[in-house]
Amino acid sequence: MTQILEHWIDGKAWPGESTRTAPVFDPALGTPQREVRMATATDVGTAVAAAAAALPQWRDSSIATRSRFLLTFRELLNARKDDLAQILTAEHGKVLSDAGGEIARGLEVVEFALAMPQLLKGEFSQNVSTDVDVYSVREPVGVVGIISPFNFPAMVPLWFFPIAIAAGNTVVLKPSEKDPSAANWLAELAAEAGLPAGVLNVVHGDKEAVDALLVHPDVAAISFVGSTPIARYVYQTAAANDKRVQALGGAKNHMLVLPDADLDLAADAAVNAGFGSAGERCMAVSALLAVDSIADELVAKIAERMSELRTGDGRRGCDMGPLITREHRDKVAGYLDVAATDGATIVVDGRETSIDGAAEGFWLGPTLIDNVPTSSAVYQDEIFGPVLSVVRMNGFEEGIELINSSPYGNGVAIFTNDGGAARQFQRRVTVGMIGINVPIPVPVAYHSFGGHKASIFGDAKAYGPQGFSFFTQEKAITSRWLDPSHGGINLGFPQHS
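Keep in mind that what you see is a predicted model, and the values were worked out from it rather than measured.

1. Some remarks on the domain arrangement of the chain
How big an interface is tends to be reported as the loss of accessible area on association of its parts.
Right, on to step 1. If you check the domain split of the chain, you get domain 1 (4-249 + 455-477) and domain 2 (253-436).
Right, on to step 2. A straight line from the C-alpha centre of domain 1 to that of domain 2 covers 31 Å.
Right, on to step 3. The junction of domain 1 with domain 2 conceals about 2000 Å² of combined surface from both sides, 59% of it contributed by carbon and sulfur atoms.
Right, on to step 4. For domain 1, the biggest contributors to the area lost against domain 2 are A28, V95 and S455; these three give 25% of the whole.
Right, on to step 5. Between domain 1 and domain 2 we count 2 salt bridges in total.

2. Quick notes on the nonpolar core
Right, on to step 1. With 65 residues, the main nonpolar core has F73, L77, L84, W159, F161, I165 and F449 as its most contacted residues.
Right, on to step 2. A per-element tally of this core places helix α6 (residues 155-166) first, with 10 residues.
Right, on to step 3. Of the residues that make up this core, three or more belong to each of domain 1 (4-249 + 455-477) and domain 2 (253-436).
Right, on to step 4. Beyond its immediate stretch of four places on either side in the chain, I165 contacts W58, R66, F69, V171, L195, V199 and L200.
Right, on to step 5. By size, the runner-up hydrophobic cluster in this structure holds 59 residues, among which are L258, L323, V372 and V431.

3. Section: the sheet that holds strand β13 (residues 253-257)
Right, on to step 1. On the basis of which strands lie adjacent, the open sheet formed by 7 strands has the order β16-β18-β19-β14-β13-β21-β22 and mixed pairing. Single-partner strands in this sheet number two, and they are β16 (345-348) and β22 (433-436). Averaged over all pairs of adjacent strands, the angle between strand axes in this sheet comes to 20°, irrespective of strand direction.
Right, on to step 2. Bridge analysis of strand β18 (residues 367-370) against strand β19 (residues 387-393) gives 3 bridges, and the strand direction is parallel. Bridge pairing links I369 to S389 in β19.
Right, on to step 3. Along the sheet, helix α11 (residues 292-306) contacts β13, β14 (285-291), β16, β18 and β19; its crossing angle with β14, the most-contacted strand, is approximately 140°.

4. Comments concerning the packing of helix α1 (residues 41-59) against helix α8 (residues 207-215)
Right, on to step 1. Between α1 and α8, the shortest axis-to-axis distance is 8 Å and the interhelical angle comes to 45°. Relative to α8, α1 is oriented oblique. Crossing of α1 against α8: the hand is right-handed. Counting all contacts with α1, which are made through A41, V44 and V48, the residues of α8 involved are E208, A209, A212 and L213.
Right, on to step 2. Taken together, the residues that form the contact of α1 with α8 break down as 6 nonpolar, no polar and 1 charged.

5. Quick word on the packing of aromatic side chains
Right, on to step 1. The full count for this structure, using the stated rule, is 13 aromatic pairs.
Right, on to step 2. With a centroid separation of 5.1 Å and 80° between ring planes, the pair formed by F470 and F471 is classed as edge-to-face. When sorted by exposure, F470 lands in the same class as F471, which is buried.
Right, on to step 3. Every member of this aromatic cluster is reached through a ring pair, and the members are W58, F69, F73 and F161.

6. Remarks on the packing of helix α2 (residues 63-79) against helix α7 (residues 181-192)
Right, on to step 1. At a minimum axis distance of 9 Å, the contact between α2 and α7 shows a crossing angle of 125°. It follows from the interaxial angle that α2 and α7 lie oblique. For the pair α2 and α7, the crossing hand works out as right-handed. Contact residues: α2 offers F69, F73, L76 and L77, while α7 offers W185, L186, L189, A190 and E192.
Right, on to step 2. Its residues assigned to classes, the contact of α2 with α7 comprises 8 nonpolar, no polar and 1 charged.

Criteria and thresholds
- Residues numbered from 1 in each chain as written.
- Predicted model: local features only at pLDDT ≥ 70, side-chain atom pairs only at ≥ 80, totals over all residues.
- Heavy atoms only, no water.
- Domains from an automatic or database assignment.
- Buried area = accessible area lost by both parts, 1.4 Å probe.
- Salt bridge = Lys/Arg side-chain N within 4 Å of Asp/Glu carboxyl O.
- Core = buried A, V, L, I, M, F, W, Y, C linked by side-chain atoms within 4.5 Å.
- Buried < 20%, exposed > 50% of the residue type's maximum accessible area, 1.4 Å probe, protein only.
- Helix = DSSP H or I, 4+ residues; strand = E, 2+ residues; numbered from the N terminus.
- Contact = heavy atoms within 4.5 Å.
- Pairing = 2+ DSSP bridges.
- Axes fitted to C-alpha atoms, helices over the stretch in contact; angles between N-to-C directions.
- Parallel < 35°, antiparallel > 145°, perpendicular 65-115°, else oblique.
- Left-handed = near helix turned anticlockwise from the far one by under 90°.
- Nonpolar A, V, L, I, M, F, W, Y, C, P; charged D, E, K, R; others polar.
- Phe/Tyr/Trp six-rings, centres within 6.5 Å; stacked < 30°, edge-to-face > 60°.

So, in structure tokens, the structure goes:
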């Protein structure tokens, strides 16, 4: 009998009213391993009702209570991270070392959420007018909806729900239906750590479940990570329904290599940033901008390193795993035909890679394409796969112009030993996260994650100080108290008149 993954609502597994399910594949095997329940709008309403019912008690719980939960949750997650990594590899396909790195970055945010006593403090101004004081407090916004993508089924939920819960909110999490088990695992671990029922709920599903969260009147805020078209839709729909929204979208991340760069360092970085997690990262480098004078040498160094990579089942010690679905694999592979038609040079063809895994897996090896025209869809589209495109250019100014002309503005990197060039670069590019000799500049948990332009919708970035700001709302209180000379209680010595 096929195992069905249920929703997690009000502290327990919940089948809901829908009988509709979807298969969950092991991408390295190419076969479904289980089914996942697909929520109706009514099922989402049940989860929201559970979160709303749990809100008053959790909102009024002490900071000490919330801190104890986070401490226990952090210890349990750290102790069992290898179990979670196995789930990520089995459902997403990323290799075990990459899955471990994902969990480590999520743990950073849990640890950052423990800073809530400092970050939830308000401000106080005394005697702004005669005997009048003004102070502010930060309070939770209410029930929060989190919609997370397939490429980081543990890390992205951990970007959001620990901070939301630390701030006193309750949560309904809708993970990707392609790799949903990590969300349930995290919710069950949170319950074991002492989180009251209803504070963290999980509903599975597709657009029907997403739309139900976006329009539900009891959901106060939405956090989303995914492609730009869906991020735009989520932002517009949720905002039209009076919700606070942070919606992180897609990217086309560039890496500019100047002639004075350490080319061995740049080649290592390009391989790691281009092919880690099979390129299914919103921060992956997909466009390598190489100055003409060093382009041949750099391309040769990258190709040499690619020949040493093992593509295969992530449980076999390979360097890169499969793509998430057969459909996505075929879509990504189709860009190689586009590249050839557009006059680019396929240096390494991932369709010809030897695979250490089942023949039915969703395989495409690391691919390197040189001389890619900027007019080609290979350059313009977010391919979201292990395809590294090399665009050749005259120099620094052309690189800046190309980066700034992109509709995306998520991440960018420059490789150079020229401090002046690096400083000009960081000041002039219209991108939210910049790496200087760092290929994937994802900020640590106490800074915030997010891009510019079509890579983000809404004003708030993820985690860090902006995360706490997003999940709280400020009250400003102006007060005046009459002193004892105006009557009332007087604790001075009694006097006889």
